[in-house]
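Results of the structural survey
Now for the letters of each chain:
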Amino acid sequence: MQRSAPRPSRSRTRTRLRMLACAAVPVMIVAAGCSSDSGSDSDSNSGGGKDKPAASASKEAAKVAPAKFTSLPADPCKSIAAKTTADLVPKAKDKSGSAGKSSDITTRGSCSWNGLDDNGVKGSQYRWLDISFMRYDSDEGIGSGQDRAAEYYKKEVAKARATEGAKGTKAAPAAGVGTEATAVTYSLSKTGETFGYATVVARSENVVITLTYNGAGYAGAKSPAASDLVKGATKAAKEAVAAVPAAK
């Protein structure tokens, strides 16, 4: 009795049909669509062959803290109380102070007072007071306003300590003034007299205040003591720090 040939299984039939179909298409398509059945698994394991964009990570890193202060005192000459400036510069030529020019008063500003208290043969006292403000905004490409101000603060302290011709230079922290502050004292000879100097550099978050107070005695009068200059400069610097308006 003649046996009939066994029928091929369905899986074998599908395999033959697939091979015939692959033979009829270009090689590139075969590589893409006629791979083994496990291809879908490899795609899922590799995330579909696509790398996850790092944009979100870089965006996170680019964020910087917002600046605390967005402006400066509208009139820098009023950042120090009139009573304080009168005590520090008794005979100021302009009691209201002389404001420096600024192209952007929200970023920088300054004011100064100077005067000679002439007592004739008893001697005279000269005093000069100057204050300047510098404010920094936060910028994702540069850094936070606080960090930028901190760098400028260091430069201002170094500048005061490196004053040309200065003698007996000393630097010490100025307690209770802003976020951080340094008082630099020294003496400087000019116009035939020895001037005493006290410079207080203070940083309040993203704002740096540099205040210089100096004086000299004429016609035999003694020049002011460094301790008195520091005391006066520190008091004025505290008032200036408090005058910086907080962001609204």
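Remember, it's a predicted structure, so these values are computed and weren't measured experimentally. (Residues numbered from 1 in each chain as written. Predicted model: local features only at pLDDT ≥ 70, side-chain atom pairs only at ≥ 80, totals over all residues. Heavy atoms only, no water.)

Looking only at helices and strands, the protein has seven helices and seven strands in total. Helices (α) and strands (β) of the protein occur, in sequence order from the N terminus, as α-α-α-α-α-β-β-β-α-β-β-β-β-α. When burial is assessed residue by residue, the protein has 33% of its 248 residues classed as buried. Taking as baseline every contact in the protein between residues at least 6 positions apart, the subset at least 24 positions apart corresponds to 57%. (Helix = DSSP H or I, 4+ residues; strand = E, 2+ residues; numbered from the N terminus. Buried < 20%, exposed > 50% of the residue type's maximum accessible area, 1.4 Å probe, protein only. Contact = heavy atoms within 4.5 Å.)

All right, on to the side chain of T210 then. With respect to the secondary-structure elements, T210 resides in strand β7 (residues 207-218). Within polar-contact distance, the side chain of T210 engages the side chain of E156 at 2.8 Å. Excluding residues that lie within four positions of it along the chain, T210 makes contacts with D130, I131, S132, E156, T199, V200 and V201. (Polar contact = N/O pair within 3.5 Å; in protein donor to acceptor, adjacent residues only side chain to side chain.)

What follows concerns the pattern of salt bridges. By the definition in use, this model includes five salt bridges. In this structure, the salt-bridge partner of R203 is E180, at a minimum N-O distance of 2.7 Å. Residue R203 is located in strand β6 (residues 193-204), and its partner E180 is located in strand β5 (residues 180-190); the two are separated by 23 residues in the primary sequence. (Salt bridge = Lys/Arg side-chain N within 4 Å of Asp/Glu carboxyl O.)

Moving on, we come to the sheet that holds strand β4 (residues 167-173). The strands making up a sheet associate through backbone hydrogen bonding, with each pair oriented either parallel or antiparallel. Pairing within the open sheet is antiparallel, and its seven strands lie in the order β1-β2-β3-β7-β6-β5-β4. On the outer flanks of this sheet lie β1 (98-99) and β4, each paired with one strand and no other. Pairing of strand β2 (residues 108-118) with strand β3 (residues 124-135), which is carried by eleven bridges, proceeds in the antiparallel orientation. Across the sheet, the residue bridging to N114 is W128, located in β3. The sheet strands contacting helix α7 (residues 226-243) are β3, β5, β6 and β7, and the helix crosses β6 at an angle near 30°. (Pairing = 2+ DSSP bridges. Axes fitted to C-alpha atoms, helices over the stretch in contact; angles between N-to-C directions.)

So, about the pairing of β4. Counted residue by residue, β4 has zero buried out of seven residues, so it is predominantly exposed. Here five bridges tie β4 to β5, and the two strands are oriented antiparallel to one another. Looking at the pairing, K170 lines up with T185 of β5. Adjacent in sequence and paired antiparallel, β4 and β5 are bridged by six residues, among which G176 carries a positive phi angle near 75°.

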